[in-house]
Amino acid sequence: ERLAALAARDGRETLLIDGDLADGAPSSDRPGLLELFRGEQSVADLAYREEGERFARLAKGAGDPFAAPPREGTDAFRLRRVRRCYDLVVIDAGAFTDNHRLTPLAVQADFIALVAVVGEPQVDLAAQADSVEAAGGRLDGVALIDAGAV
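Note that the structure is predicted; figures quoted are calculated from it, not measured.

A. Quick look at the overall build of the protein chain. Scanning the protein chain for helices and strands turns up five helices and five strands. Mapped from its N terminus to its C terminus, the protein chain presents α and β elements in the order α-β-α-α-β-α-β-β-α-β. Each of the 150 residues in the protein chain was classed as buried or not, and the buried ones make up 36%. For the protein chain, long-range pairs separated by at least 24 residues make up 76% of all intrachain contacts whose partners lie at least 6 apart in sequence.

Right, here's the structure in full:
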């Protein structure tokens, strides 16, 4: 969220996507990424802004991410179309090792950073990095954030 806010403050048209589609991650009440992947709605219909924010958001959406398995390249195609509408697309994907629906899209990312919060339990960062590379992506950095210092 901070990256999206900073980019928007610098004048970049930015979209923050809630992409935590791991097993057990709760669905959202607002339609979003899953509806986009299923082809039910466009990003123009789904993106919204919260009061006081300069960047747009795309919620996770509702339903089982694997109820209808994606056809080869469909998710990637839809993500490329989203990227044409924004200068920067930030995807908060949660734990990469558990996010099997988004992992294949890593190869399309311009920048991949793993984020760890001081004092919170961490998923093994080495396993996360291995998942990124196995999907064809390149890990660019790891950010360690002290939530208490903000």
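B. Local environment of the packing of aromatic side chains. Counted under the stated rule, the structure contains zero aromatic pairs. Geometry around Tyr48 places Arg30 over its ring, the cationic atom sitting 3.6 Å from the centre.

C. Layout of helix α1 (residues 2–9). All of the buried residues along α1 are Ala4, Ala7 and Ala8. Down the axis of α1, the sector holding all buried residues measures 100°, keeping them to one side. Backbone geometry just after α1 places Gly11 at a positive phi near 95°.

D. Inspection of the nonpolar core at higher detail. Ranked by size, the top nonpolar core spans 18 residues in total, and within it Leu15, Leu33, Leu36, Leu58 and Leu102 carry the most contacts. Looking at this core, the elements with two or more residues in it are β1 (14–18), α2 (33–37), α3 (43–46), β2 (56–58) and α4 (74–85). Element by element, the count of residues in this core is highest for α2, at four residues. Ala7, Ala8, Leu16 and Phe55 belong to the second largest nonpolar core, which has seven residues in total.

E. Structural detail: the sheet that holds β1. Strand order across the open sheet formed by three strands is β2-β1-β3, with parallel pairing between neighbours. Of all strands in the sheet, those with a lone pairing partner are β2 and β3 (88–92), marking the two edges. Averaged over all pairs of adjacent strands, the angle between their axes in this sheet comes to 20°, without regard to strand direction. Here β1 runs beside β2; their pairing, made up of three bridges, is parallel.

F. Quick peek at the layout of surface pockets. Computed from the structure, the second largest pocket encloses a volume of approximately 160 Å³. For the lining of the second largest pocket, the element with the highest residue contribution is α4, accounting for five residues. Its residues assigned to classes, the lining of the second largest pocket comprises five nonpolar, three polar and two charged.

G. A look at the pattern of salt bridges. Going through the model one piece at a time under the given rule, you end up with six salt bridges. A salt bridge links Arg57 to Glu1; the nearest nitrogen and oxygen atoms lie 3.1 Å apart. With Arg57 in strand β2 and Glu1 in the segment before α1, the pair connects residues that are 56 residues apart, well separated along the chain. Its relative accessible area of 55% is what places Glu1 among the exposed residues. Among the salt bridges present, the one from Arg49 reaches Glu13, with a minimum N-O distance of 2.5 Å. Linking Arg49 in the loop between α3 and β2 with Glu13 in the loop between α1 and β1, this pair joins segments that are 36 residues apart in sequence. Look at the salt bridges and you will find they share partners, linking Glu1, Glu53 and Arg57 into a network.

H. Expanded view of the confidence of the model for the protein chain. Residues of the protein chain with pLDDT of at least 70 account for 87%, and the chain-wide mean is 81. No element of the protein chain has a lower mean pLDDT than strand β4 (residues 113–117), which averages 75, and none a higher one than β2, which averages 94.

What counts, and where the lines are drawn
- Just so you know, the residues in each chain are numbered from 1, in the order the chain's sequence is written.
- Selection of residues for local features in this predicted model requires a pLDDT of at least 70, selection of side-chain atom pairs for listing and counting requires 80 or more, and totals for whole chains, interfaces and linings are taken over all residues.
- Remark: hydrogens and water are excluded; side-chain values derive from all non-hydrogen atoms of the structure.
- Secondary structure follows DSSP: runs of H or I at least 4 residues long count as helices, runs of E at least 2 residues long count as strands, and numbering of each begins at the N terminus.
- Burial classes follow relative accessibility: with a 1.4 Å probe on protein chains only, a residue under 20% of its type's maximum area counts as buried, one over 50% as exposed, and anything between as partly exposed.
- In this description, contact between two residues means that some pair of their heavy atoms is separated by no more than 4.5 Å.
- Two rings from Phe, Tyr or Trp (for Trp, the six-membered ring) form a pair when their centres sit within 6.5 Å of each other. Planes less than 30 degrees apart are called stacked, planes more than 60 degrees apart edge-to-face, and all others tilted.
- Distance and angle both matter: a charge sits over a ring if NZ of Lys or CZ of Arg is within 6 Å of the ring centre and within 35 degrees of the ring normal.
- The arc in question is the one traced by the directions running from the helix axis out to the C-beta atoms.
- Put simply, a nonpolar core is a bunch of buried Ala, Val, Leu, Ile, Met, Phe, Trp, Tyr and Cys residues held in one set by side-chain atoms that sit within 4.5 Å of each other.
- Two strands form a pair only when DSSP identifies at least two bridges running between them.
- For every element, the axis is a line fit to its C-alpha atoms; helices are fit only across the contacting stretch, and the angle between N-to-C directions ranges from 0 to 180 degrees.
- Both site types are read off a 1 Å grid over the protein atoms alone. A 1.4 Å probe that fits but cannot get out defines a cavity, while an open set with protein on both sides within 12 Å along at least five of seven lines defines a pocket; lining residues have an atom within 4 Å of a point.
- Grid points are joined across faces, edges and corners, and a volume is the space filled by probe spheres set on the points.
- In this classification, Asp, Glu, Lys and Arg are treated as charged, Ala, Val, Leu, Ile, Met, Phe, Trp, Tyr, Cys and Pro as nonpolar, and every other residue, Gly included, as polar.
- Only one rule defines a salt bridge in this text: a Lys or Arg side-chain nitrogen within 4 Å of an Asp or Glu carboxyl oxygen.
- Confidence of the predictor at the level of single residues is captured by pLDDT, which takes values from 0 to 100.

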